[in-house]
Structure formats: structure tokens, C-alpha cells
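# Survey of secondary and tertiary structure
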Amino acid sequence: MTTMTKNKSADALPLNTILDGDCIEVMNSLPEGSIDLIFADPPYNLQLRSDLHRPDNSKVDAVDDAWDQFSSFAAYDTFTQDWLKAARRLLKPNGAIWVIGSYHNIFRVGAALQNAGFWILNDVVWRKSNPMPNFRGKRFTNAHETMIWASKEEGAKYTFNYEALKSLNEGVQMRSDWVLPICTGHERLKDENGEKAHPTQKPESLLHRVLVGSTNPGDVVLDPFFGTGTTGAVAKMLGRDFIGIEREAAYRKVAQKRIDNTRRFDREALQVSASKRAAPRVPFGQLVERGMLRPGEELFSPRGRIAKVRADGTLVGKDVKGSIHQVGAAFEGAPSCNGWTYWHFRRDGKTIPIDLLRQQIRSEMET
Ligand SMILES: C[S@@+](CC[C@H](N)C(=O)[O-])C[C@H]1O[C@@H](n2cnc3c(N)ncnc32)[C@H](O)[C@@H]1O
């Protein structure tokens, strides 16, 4: 179970605020190694050469704002390298980053991430269930965006709430292609004239999945390209702390109002299915000590291999002895084996995985 405690470095942070300014300068002013997760939706560098029109001649509300303009790919690359460097400095050793982008920028961002020392964990395709059609009919309908998820460096112990994501997906392992609608209807923020307040507001469902999957309650999430504050709003709902950076006053205002109107879910609702890795360790020997399995009792593999339990919690099989994992691996000729799921015992004519006994002990520990 996760707790809502904060670490020391978080005390010096401007938590749950939207900071004004250029994100590189602002990030450089924050304490090193203080952030758990960064979610970044940087300028796409769309490079629109002319207005885009629908068949009825109405103008498409595309991203043509000043914040998305760069003079060249080289200028965009320099900007990307600079903000990624600042972002990486801020991350805790086991922190991670998500960057979302389209074909216009994501390949450049991906290379820059690797060059900066990040370790790519996955690329997730957000497939839009309701994409904008391709009005000219000259290319495929652009129906997805790509998110790159990376840890600060290779081997870092990043947060991944595998079980929670599996529960979110009705018991099926979460895949790297997410089908979610773009932000429309009541969620889409409007300005005083009833126009979209921001051209690239992301759906809350996307951030919900990112934050449930890769943070815990009480974690600090930074978004250096805050826009309408989707990351902040979802972080608040989920009991995470956020820091937003946005240099346009109009967007900061919209985001602040949105977050003020957002309520945090109650504490109990924020607890999610725990990862098995986080569950307390139960040595196999404990099953023997407690008489759940008897020395001399036979265990069976799915393919009918047999080993006997010894009094010290090891197994002995034909020509091999060792832990449940070692004997399983030797039988299979494999480099490793999860003995807990590999070995089964028999009771009343039924074949039952030994993991069931471990779960029984774990549930006693929780009560
Ligand atoms: C793609 S939008 C992010 C939209 C946001 N994810 C949302 O859901 O509303 C990028 C935002 O970054 C801001 N921005 C661009 N360059 C910036 C910079 N150097 N420093 C701070 N903000 C910047 C833009 O003003 C814009 O609002």
C-alpha cells in the first residue's frame, strides 16, 4: 500500500502551482532530483505552410500559434535537447518521463531522449477513436499520437503499477496501443467567445492512465508545457502533487480555473491493485515450516516432472537439487524459472499451484 508521505526535497518545491516563464529557465531554478514523473506535451513544430480548409471551405482550427513555430529542424532539435537536459536534472534517480508527440516531432524527440541518457521503456500509441478526417484526401487520416515513456537511465527502478493497469483493462495485461477519444464535449475548455481555449488540449483519460500506471499517490508530477493544465487536473483528482510551467498568461488562467474546479477523489478510492513485486516476500521454506507442504511430499511441473520437498525448503529431483526456481530451471533447461507458478501439489485429486499457499500467507499478513 502506498502512503501519502512526502520526501524532504519535495518540501522545497512550489507544489500544486502553475509557474510562469520559459520552461527551461524555470526547470533550471528547481531543486535537482526532486521530481517523480515528468509529463511533457511539447510544441509539435507542425510547420504549416498554409491554411487548411474543409470541403465546405471553412478553415480548420489547426495549431498555427507562435509557440509552435521554429525556424528550422535544427532550431527545434536545440530546443528539445535543452529542455530534456533540464528535465533530466530534475528527476529523482528512479523517476521517469513521458513525452507525447506526432509524426512531425516524435522521431526527433526520441533520438534526443536517448542522446540525453534516458532509457526508453515503451512507445505507446494513442489511437484516437474519433480522429479528425483528412480533408484533402491526399494522405491517411492521421489517427494517432505517440507517447515515449523513458526512465532516467538504464536499470533505474521506475514505477510501473502493472496490476493496477491490468485491473483498469478488465484483468487483461495493458498493451502499448491505447484507444481513447480526443478531448471533446464538456471536457473541452472554451474561451469567452465559445471558441476552443487551447488547440491541443489532451483528454483526461490519457493522463489518468499515465498517472495511475506510473505514479503513486503523493508523487510529484511536473508538466513543463502545461497548456490548459490537463496533467494538473488529473494529478489533483488522483492525489498526486503537480507543478505546471506555462509561459502564456491566457493558458495559465484557464488552467488555474480548471484546477480550482477539480476535486480530489477520496483517499480510499486512490488505492489501486498492488504490484506483485511490492507484495511481502514469502520464502518457500515457510510453507514447509508451517506444514502446508510436508518434507518428502511430491511437487509436479505442468509437463509431469517430479521433485520432492526437503525439510530445509529446497527440492530434490532427478540429478538436481536446489530452490524451487533452480530445480524448475534445470528441468526446463532454462536460464531461470518462476518456481511459484511452475510447481504444483496434489490435494484430494486436484493439482494446485504452490503460489496459492503463498497467497494464503500474504493475505494473513495483510489482516
Ligand atoms: C502542446 S501544448 C500542451 C497542451 C496541454 N498538454 C493540454 O492538455 O492543455 C504546449 C504548451 O506549451 C507552451 N509552451 C511552449 N513552449 C514553451 C516554453 N518554452 N516554456 C513554457 N511553455 C511553453 C505553449 O504555450 C502551449 O500551451
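Predicted model, so just to flag it, every value in this text is computed and none were measured.

About the thresholds
- Residues numbered from 1 in each chain as written.
- Predicted model: local features only at pLDDT ≥ 70, side-chain atom pairs only at ≥ 80, totals over all residues.
- Heavy atoms only, no water.
- Buried < 20%, exposed > 50% of the residue type's maximum accessible area, 1.4 Å probe, protein only.
- Helix = DSSP H or I, 4+ residues; strand = E, 2+ residues; numbered from the N terminus.
- Lys, Arg positive; Asp, Glu negative; His and termini not counted.
- Salt bridge = Lys/Arg side-chain N within 4 Å of Asp/Glu carboxyl O.
- Contact = heavy atoms within 4.5 Å.
- Near = heavy atom within 4 Å.
- Polar contact = N/O pair within 3.5 Å; in protein donor to acceptor, adjacent residues only side chain to side chain.
- Nonpolar A, V, L, I, M, F, W, Y, C, P; charged D, E, K, R; others polar.
- Domains from an automatic or database assignment.
- Axes fitted to C-alpha atoms, helices over the stretch in contact; angles between N-to-C directions.
- Parallel < 35°, antiparallel > 145°, perpendicular 65-115°, else oblique.
- Left-handed = near helix turned anticlockwise from the far one by under 90°.
- Pairing = 2+ DSSP bridges.
- Right-handed = clockwise from strand over helix to strand, strands pointing away.

Moving on: helix H6 (residues 204-214). An α-helix turns once per 3.6 residues; consequently, residues spaced three or four apart project the same way. Most of H6 sits out of view: eight of its eleven residues are buried. For H6, every residue scored as buried is listed here: Leu206, Leu207, Arg209, Val210, Leu211, Val212, Gly213 and Ser214.

With respect to the element layout, Arg209 can be found in helix H6. One buried charged residue, Arg209, forms no salt bridge at all, with the nearest opposite charge on Asp177 at 7.5 Å. Apart from residues lying up to four places away in sequence, Arg209 is in contact with Leu165, Leu168, Met174, Trp178 and Leu180.

Looking now at the site of the ligand. Around the ligand, the surrounding shell holds 23 residues, and the nearest of these are Asp22, Asp41, Thr228, Thr230 and Glu246. Here Asp41 contributes a side-chain N or O atom positioned 2.7 Å from a nitrogen atom of the ligand. Contact distances for the ligand include 3.4 Å between a nitrogen atom and a side-chain N or O atom of Arg247. Grouping the constituent residues of the shell around the ligand by class yields ten nonpolar, seven polar and six charged.

Its domain assignment divides the protein into domain 1 (17-46 + 63-270) and domain 2 (284-366). Between the C-alpha centres of domain 1 and domain 2 there is a distance of 45 Å.

Relative to each other, helix H3 (residues 73-90) and helix H4 (residues 106-116) sit at 45 degrees, their axes nearing to 10 Å. Classified by the angle their axes make, H3 and H4 are oblique. In the crossing of H3 with H4, the sense of the turn from one axis to the other is right-handed. Counted together, Phe73, Tyr76, Asp77, Thr80, Leu84 and Arg88 of H3 and Arg108, Val109, Ala112, Leu113 and Ala116 of H4 form the full contact between these two elements. Taken together, the residues that form the contact of H3 with H4 break down as seven nonpolar, one polar and three charged.

On to the side chain of Lys128, then. Residue placement: Lys128 occurs in strand E4 (residues 119-128). Residues in contact with Lys128, not counting those within four places in the same chain, are Ala143, His144, Glu145, Leu180 and Ile182.

Neither face of strand E7 (residues 220-223) is open: one carries Val220 and Leu222, the other Val221 and Asp223, and all of them are buried. Bridging between strand E2 (residues 35-40) and E7 involves two bridges; their strand directions are parallel. Bridge assignment links Leu37 to a residue of E7, and that residue is Val221. Pairing of E7 with strand E8 (residues 241-246) involves four bridges; the strand directions are parallel. By the bridge assignment, Val220 is partnered in E8 with Asp241. Regarding topology, helix H7 (residues 230-237) serves as the crossover connection from E7 to the parallel E8, and that connection is right-handed.

So, on to the packing of H6 against H7. Relative to each other, H6 and H7 sit at 55 degrees, their axes nearing to 9 Å. Classified by the angle their axes make, H6 and H7 are oblique. Crossing of H6 over H7 shows right-handed handedness. Where H6 abuts H7, its residues Glu204, Leu207, His208 and Leu211 lie against Thr230, Thr231, Ala233, Val234, Ala235 and Met237. Among the residues making up the contact of H6 with H7, the classes are represented as six nonpolar, three polar and one charged.

For the rest of this paragraph, the subject is the pattern of salt bridges. Taken as a whole, this structure holds 13 salt bridges when the rule is applied. A salt bridge links Arg88 to Glu153, with the nearest nitrogen and oxygen atoms 3.8 Å apart. Here Glu153 lies in the loop between strand E5 (144-151) and helix H5 (162-168) and Arg88 lies in helix H3, a separation of 65 residues in the sequence. Taking relative accessible area as the criterion, Glu153 reaches 39% and is therefore assigned partly exposed.

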